[in-house]
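Residue strings, one per chain:
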Number of protein chains: 2
Amino acid sequence: MTIAQSLHTIDDERCRLATATLEHIGKRWTGGILLALGRGATRFREILHLVDGLSDRMLSVRLRELERDGLVTRAVEPTIPVSVRYGLTTRGKGLLAAMAPLVAYSERYATD
Amino acid sequence: MTIAQSLHTIDDERCRLATATLEHIGKRWTGGILLALGRGATRFREILHLVDGLSDRMLSVRLRELERDGLVTRAVEPTIPVSVRYGLTTRGKGLLAAMAPLVAYSERYATD
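As annotated in an unreviewed UniProt entry, chain A carries the name Winged helix-turn-helix transcriptional regulator and is attributed to Georgenia deserti.

Turning our attention to the side chain of S106(A). The residue S106(A) is located in helix α6 (residues 90-108) in this model. Relative accessible area serves as the criterion here: at 4%, S106(A) is assigned to the buried category. In this structure, S106(A) is in contact with L17(B), A18(B) and T21(B), ignoring residues within four places of it in sequence.

With that out of the way, let us pick up the packing of helix α3 (residues 30-38) of chain A against α6(A). Residues and elements named next belong to chain A. For the pair α3 and α6, the least separation of the axes is 11 Å and the interaxial angle reads 105°. Taken together, the axes of α3 and α6 lie roughly perpendicular to each other. Taken together, the residues of α6 that come into contact with α3 (itself represented by G31, L34, L35 and G38) are L95, L96, M99 and V103. A breakdown of the residues in the contact of α3 with α6 according to their chemical character gives six nonpolar, two polar and no charged.

So, on to helix α5 (residues 56-68) of chain A. Residues and elements named next belong to chain A. Spanning 13 residues, α5 covers 18 Å between terminal C-alpha atoms, matching the ideal 18 Å at 1.5 Å per step. For α5, the set of buried residues is M58, L59, R62, L63, E65 and L66. Here the buried residues of α5 occupy an arc of 160° about the axis, which is enough to place them on one side. Exposed and facing more than 90 degrees away from the buried side of α5 are R57, R64 and R68. Contacts from the buried residues of α5 go to α3, α4 (44-50), β1 (72-77) and β2 (83-88).

With an RMSD of 0.0 Å, the fit of chain A onto chain B corresponds to turning through 180° and sliding 0.0 Å along the axis. Each copy turns onto its partner about a two-fold axis. Taking C-alpha positions as reference, the residue of chain A nearest the rotation axis is G26(A), located at 1.8 Å. Mapped onto chain B, 100% of the interface residues of chain A are again interface residues, and the two copies thus contact each other with one and the same surface.

Calculation notes
Starting afresh in each chain, residues are numbered from 1 along the sequence in its written order. Whichever chain is written first becomes A and whichever ligand is written first becomes 1, with later ones labelled in order. Local features in a predicted model are, by the rule used here, given only for residues with pLDDT of at least 70; side-chain atom pairs are given and counted only at 80 or more, and totals for whole chains, interfaces and linings are based on all residues. Values reported for side chains reflect all heavy atoms of the structure, with hydrogen atoms and water molecules removed beforehand. A run of H or I in DSSP counts as a helix once it spans at least four residues, and a run of E counts as a strand once it spans at least two, with each numbered from the N terminus. Partly exposed residues are those whose accessible area sits between 20% and 50% of the maximum for their type, while under 20% is buried and over 50% is exposed, using a 1.4 Å probe and protein chains only. Contacts are assigned to residue pairs that have any heavy atoms within 4.5 Å of one another. Axis lines are fitted through C-alpha atoms, for helices just across the contact stretch, and the angle between N-to-C directions can take any value from 0 to 180 degrees. Working definition: roughly parallel below 35 degrees, roughly antiparallel above 145 degrees, roughly perpendicular at 65 to 115 degrees, and oblique for all remaining angles. Three classes are used, and their members are as follows: Ala, Val, Leu, Ile, Met, Phe, Trp, Tyr, Cys and Pro are nonpolar, Asp, Glu, Lys and Arg are charged, and the others, Gly among them, are polar. To estimate how far a helix should extend, the number of its residues minus one is multiplied by 1.5 Å. The arc in question is traced by the directions running from the helix axis to the C-beta atoms. All copies are superposed by least squares; the fitting set is the C-alpha atoms of residues with a pLDDT of at least 70 in both.

The structure is reproduced here in structure tokens:
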């Protein structure tokens, strides 16, 4: 069954779920932050550096949301001063993997 | 190379493109409309029916955007009264196919 055929058969409920997921990752900055974490950034400054135009405030807001949604981990390290590392949960990695075809798609149509 | 590894190597430009695509399809209603077209809806009313809460006005706005972006076709049929059919372009079908893993992801984590 081709992808188009598989989508042809999805029902209202699956469509509603998928739309909610698309609108969730489509929120301003969320996709960029997930990609930055996927690229190996773990520190706040590292993530900030990888996402053009992202402010400290919005990164804090989005990281809290992503942690609340079970997509990102936040580990406090007992260094002096204290330091924090962020990472993707299994679910976060699953989302990133599901986003990968969109990364390829965006590249393919970049010059159009 | 696993998907995570492939994302590990993407550069800033590809990341910027991917983020723009995610934020584009993540706009309120856009994903739902693309999925409705993917499910075979071609009439304005059919699309409206498949996307919970979508208004006539917002469907018109989003269809114009999707047409402008080369994702949706709009064909006027010489019936009396005139009738209009919408469909996905090749690029639109490509985007839908790239979204399919996210549909599967959203279903997998639906109950969490």
